[in-house]
Amino acid sequence: MRTLTVQTVDHGRVVVEEPSWCVKPHPGGIYRADIHHQGVEQPAGIHVPGRGDVTFLTAFLSQYPFAEHGDRGVWAAVEIEGEHYEFGPAGLGDLAATLTTHALYTLLPLRARLQSLQGE
């Protein structure tokens, strides 16, 4: 793991260990608690006719190593309705199960019903 130095407004120069998965720059002039490691954004996307490509459910690794409240560990951040929510392994599994269930029991039956209605 490499180290870097971030100039903060409240703690001066702070030496930070940067994980190998971090791909975002670390600008100075921030509070120490706002130092953020972020991995590669991994979006889900779909082509919407008349609208083009639409991105949703962007996910990435995230860590605030100097967080003042909460866990300083690594989380998976997932963007839902414009907000980022942090999930651990169990929560991410629950999210995946919810999406799978929604696809199987809502979207696919809705698709079948739509095909039936459009065929009438």
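Structure first, text after, so check above.
Values in this document were obtained by computation on a predicted structure and should not be read as measured data.

1. Regarding the pattern of salt bridges
Stage number 1. Applying the stated rule across the entire model yields one salt bridge.
Stage number 2. With a closest N to O distance of 2.5 Å, Arg2 and Glu18 form a salt bridge. With Arg2 in strand 1 (residues 2-8) and Glu18 in strand 2 (residues 12-18), this residue pair connects regions lying 16 residues apart in the sequence.
Stage number 3. Looking at Glu18, the relative accessible area reads 6%, which means it is buried.

2. A short note on helix 1 (residues 89-119)
Stage number 1. When the terminal C-alpha atoms of helix 1 are compared, their 43 Å separation across 31 residues agrees well with the 45 Å that a helix rising 1.5 Å per residue should span.
Stage number 2. Considering bend angle alone, the principal kink of helix 1 is centred on Ala103 and spans about 35 degrees.

3. Considerations on the pairing of strand 7 (residues 83-87)
Stage number 1. With five bridges connecting them, strand 6 (residues 75-80) and strand 7 associate as antiparallel partners. Residue pairing across strands places Ala76 opposite Phe87, the latter belonging to strand 7.
Stage number 2. Where strand 6 folds back on strand 7, the antiparallel hairpin that results is connected by two residues, among which Glu81 adopts a positive phi of roughly 55 degrees.

4. Focus on the pairing of strand 2
Stage number 1. Pairing geometry for strand 1 and strand 2, over seven bridges, is antiparallel. Within strand 2, the residue paired with Thr3 across the bridge is Glu17.
Stage number 2. The turn linking strand 1 back onto strand 2 is made up of three residues.

5. Let's talk about unusual backbone geometry
In terms of backbone geometry, most residues other than glycine have negative phi values and most peptide bonds are trans.
Stage number 1. We note that Leu57 has phi near 55 degrees; this positive angle belongs to a residue other than glycine.
Stage number 2. Relative to the elements of secondary structure, Leu57 occurs in strand 5 (residues 52-63).
Stage number 3. Positioned with a positive phi, Glu81 is a non-glycine residue whose angle comes to about 55 degrees.
Stage number 4. You can see Glu81 is positioned in the loop between strand 6 and strand 7.

6. What to know about the side chain of Gln63
Stage number 1. As for its placement among the helices and strands, Gln63 is situated in strand 5.
Stage number 2. Exposure remark for Gln63: the relative accessible area of 16% places this residue in the buried category.
Stage number 3. Here Arg72 takes part through its backbone oxygen, which lies 2.9 Å from a polar atom of the side chain of Gln63.
Stage number 4. Beyond its immediate stretch of four places on either side in the chain, Gln63 contacts Pro19, Trp21, Ile35, His36, His37, Arg72, Gly73 and Val74.

7. With respect to the nonpolar core
Stage number 1. Counting residues in each nonpolar core, the largest one holds six residues, listed as Leu4, Val6, Val14, Val16, Ile35 and Phe66.
Stage number 2. Counting residues per element, the ones that place at least two in this core are strand 1 and strand 2.
Stage number 3. Once residues lying within four places of it in the same chain are set aside, the contact partners of Phe66 are Val14, Val15, Val16, Arg32, Ala33, Ile35 and Arg72.

8. So, the side chain of Glu79
Stage number 1. Within the fold, Glu79 resides in strand 6.
Stage number 2. Here Glu79 is buried and forms no salt bridge, its nearest opposite-charge partner Arg51 lying at an N-O distance of 12 Å.
Stage number 3. Of note is the side chain of Glu79, whose polar atom sits 2.6 Å from the backbone nitrogen of Gly82.
Stage number 4. The residues contacting Glu79, other than those within four sequence positions of it, are Leu57, Thr58 and His84.

Cut-off values and rules
- Residues numbered from 1 in each chain as written.
- Predicted model: local features only at pLDDT ≥ 70, side-chain atom pairs only at ≥ 80, totals over all residues.
- Heavy atoms only, no water.
- Salt bridge = Lys/Arg side-chain N within 4 Å of Asp/Glu carboxyl O.
- Helix = DSSP H or I, 4+ residues; strand = E, 2+ residues; numbered from the N terminus.
- Buried < 20%, exposed > 50% of the residue type's maximum accessible area, 1.4 Å probe, protein only.
- Expected span 1.5 Å × (residues − 1).
- Bend = angle between axes of the 7 residues up to and from the residue.
- Pairing = 2+ DSSP bridges.
- Polar contact = N/O pair within 3.5 Å; in protein donor to acceptor, adjacent residues only side chain to side chain.
- Contact = heavy atoms within 4.5 Å.
- Core = buried A, V, L, I, M, F, W, Y, C linked by side-chain atoms within 4.5 Å.
- Lys, Arg positive; Asp, Glu negative; His and termini not counted.

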